[in-house]
Amino acid sequence: MRTLFIGLFIVSFFFSNVQAAFSTENEKDEKTLREERMSLYKKAEATTHIPWYYFAGIDQYERQVRRTHKDIPHEKGALGIYIEPSRWVGPMNPHKEAQDETVISLFGGIGKDGNGDGKADQYDDEDILYTIGSYLQSYGITPPQIKIGLWQYYHRDRTVSIILGHAKLFKTFSTLDLDHHAFPLPLNANFSYKNTWGDARGWGGRRIHEGTDIFANYSVPVRSTCYGIVEMKGWNRYGGWRLGIRDVNNNYHYFAHLNGFTKDLEVGQVVEPGMVVGGVGSTGYGPPGTSGKFPPHLHYGMYKDNGRTEWSFDPYSHLKMWERSDRQKAKGN
Ligand SMILES: [Zn+2]
């Protein structure tokens, strides 16, 4: 019995170490990947005159879409961008792996040779970026022209606005490392929350409760949970004063029942984790200004867009994680 116990102890000790090594290994890989991607975007900017952050925005968006769809093959290189073979070689081209740029162009394909090796290779990162860049370039390289090019390419308004939002974030912070978060309330405030996902009796007037209610006093600061773009701000009968922020992973962070917003906060504005965007309130359940029909709390929800539809998911475990990591950071300072 004792041997077994010691054996288990050794085994679990071994595995926890392996796990720790594995996670730092992954982080290192992520850092190397980001550097590799950045150099690809910069190279494409040099040859197409489309600023690097547009490539970063497109790539980031497509990587997220790709991860949520089983019908899109896994990427082979550092980029997440997927161009369908028929689009690359031309819809009527019988050779789905064609690499001759002239033939591809005769068939109406968009595939281009970006690295000068004489092949328009649909699995080569430089060729992929150069192809997208050339496509956009044909509509012009000013921001409004790039927007038109993106619409021609995707034919989906939401996709275009998400990509432009990502591009704005990458441009503003000059880095691809924006996957950081903060708990929505300052940790020195009194607050409480439970996992109420899917409860029928939540505030918000929806059939099921799509979020977590964080109870706190009136006017406790509400902070952005991510690097993101303010996508929506205004009144809604159930949510009261509410705010929506989209992050670089295409998550939509939703804050409701606010007592108001931070002065000068505008739709389209860039925010970062911990930045105060409003205050806790109890607005909602009536025309604009209605307040006090329930105890003050922040309703916090998370939604994901996969390029085709948007759905809500349970934010509770994320909140717990961000609260823990904010506490650790506070201890470290
Ligand atoms: Zn709620």
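About the thresholds
Residues numbered from 1 in each chain as written. Predicted model: local features only at pLDDT ≥ 70, side-chain atom pairs only at ≥ 80, totals over all residues. Helix = DSSP H or I, 4+ residues; strand = E, 2+ residues; numbered from the N terminus. Expected span 1.5 Å × (residues − 1). Buried ≥ 20, exposed ≤ 12 C-beta atoms within 10 Å, placed from the backbone. Pairing = 2+ DSSP bridges. Axes fitted to C-alpha atoms, helices over the stretch in contact; angles between N-to-C directions. Parallel < 35°, antiparallel > 145°, perpendicular 65-115°, else oblique. Left-handed = near helix turned anticlockwise from the far one by under 90°. Contact = placed C-beta atoms within 7 Å. Nonpolar A, V, L, I, M, F, W, Y, C, P; charged D, E, K, R; others polar.

- Named according to an unreviewed UniProt entry, the protein is Peptidase family M23 originating from Priestia endophytica DSM 13796.

**So, the environment of M321**
Then, number 1: One can find M321 in helix 8 (residues 316-332).
Then, number 2: C-alpha separation for the pair M321 and A182, spaced 139 residues apart in sequence, amounts to 9.2 Å.

**Examining helix 5 (residues 125-137)**
Then, number 1: The end-to-end C-alpha distance of helix 5, which contains 13 residues, comes to 18 Å, matching closely the 18 Å that a straight helix rising 1.5 Å per residue would cover.
Then, number 2: Burial analysis of helix 5 places 10 of its 13 residues in the buried class, the great majority of the element.
Then, number 3: Every buried residue of helix 5 is listed here: D125, E126, D127, I128, L129, Y130, T131, I132, G133 and L136.

**Focus: the sheet that holds strand 9 (residues 276-279)**
Then, number 1: Read from one edge of the open sheet, three strands run 3-9-7, paired in antiparallel fashion. Strands at the two margins of the open sheet, each flanked by one partner only, are strand 3 (221-223) and strand 7 (260-261).
Then, number 2: By the bridge criterion, two bridges tie strand 7 to strand 9 in an arrangement that is antiparallel. Looking across to strand 9, one finds that F261 is bridged to G278.

**Here's the deal with the packing of helix 6 (residues 143-154) against helix 7 (residues 157-173)**
Think of two packed helices as two axes; the pair is described by the angle between the axes and how far apart they sit.
Then, number 1: Between helix 6 and helix 7, the shortest axis-to-axis distance is 9 Å and the interhelical angle comes to 135°. Regarding the angle of helix 6 to helix 7, the classification is oblique. Our pair here, helix 6 against helix 7, has a crossing hand that is right-handed. Residues K147, L150, W151 and Y154 of helix 6 lie in contact with helix 7, whose contacting residues are T159, V160, I163 and L164.
Then, number 2: Looking at the contact of helix 6 with helix 7, its residues break down into six nonpolar, one polar and one charged.

**Some details on the packing of helix 2 (residues 52-67) against helix 7**
Then, number 1: At their nearest, the axes of helix 2 and helix 7 sit 8 Å apart, and the two run at 125° to each other. The pairing of helix 2 with helix 7 is recorded here as oblique in orientation. Considering how the two elements wind past one another, helix 2 and helix 7 form a crossing that is right-handed. Residues Y53, Y54, A56, G57, I58, Q60 and Y61 of helix 2 touch helix 7, and the partners they reach there are T159, I162, I163, L164, H166, A167, F170 and K171.
Then, number 2: Across the contact of helix 2 with helix 7, the residue classes break down as 10 nonpolar, four polar and one charged.

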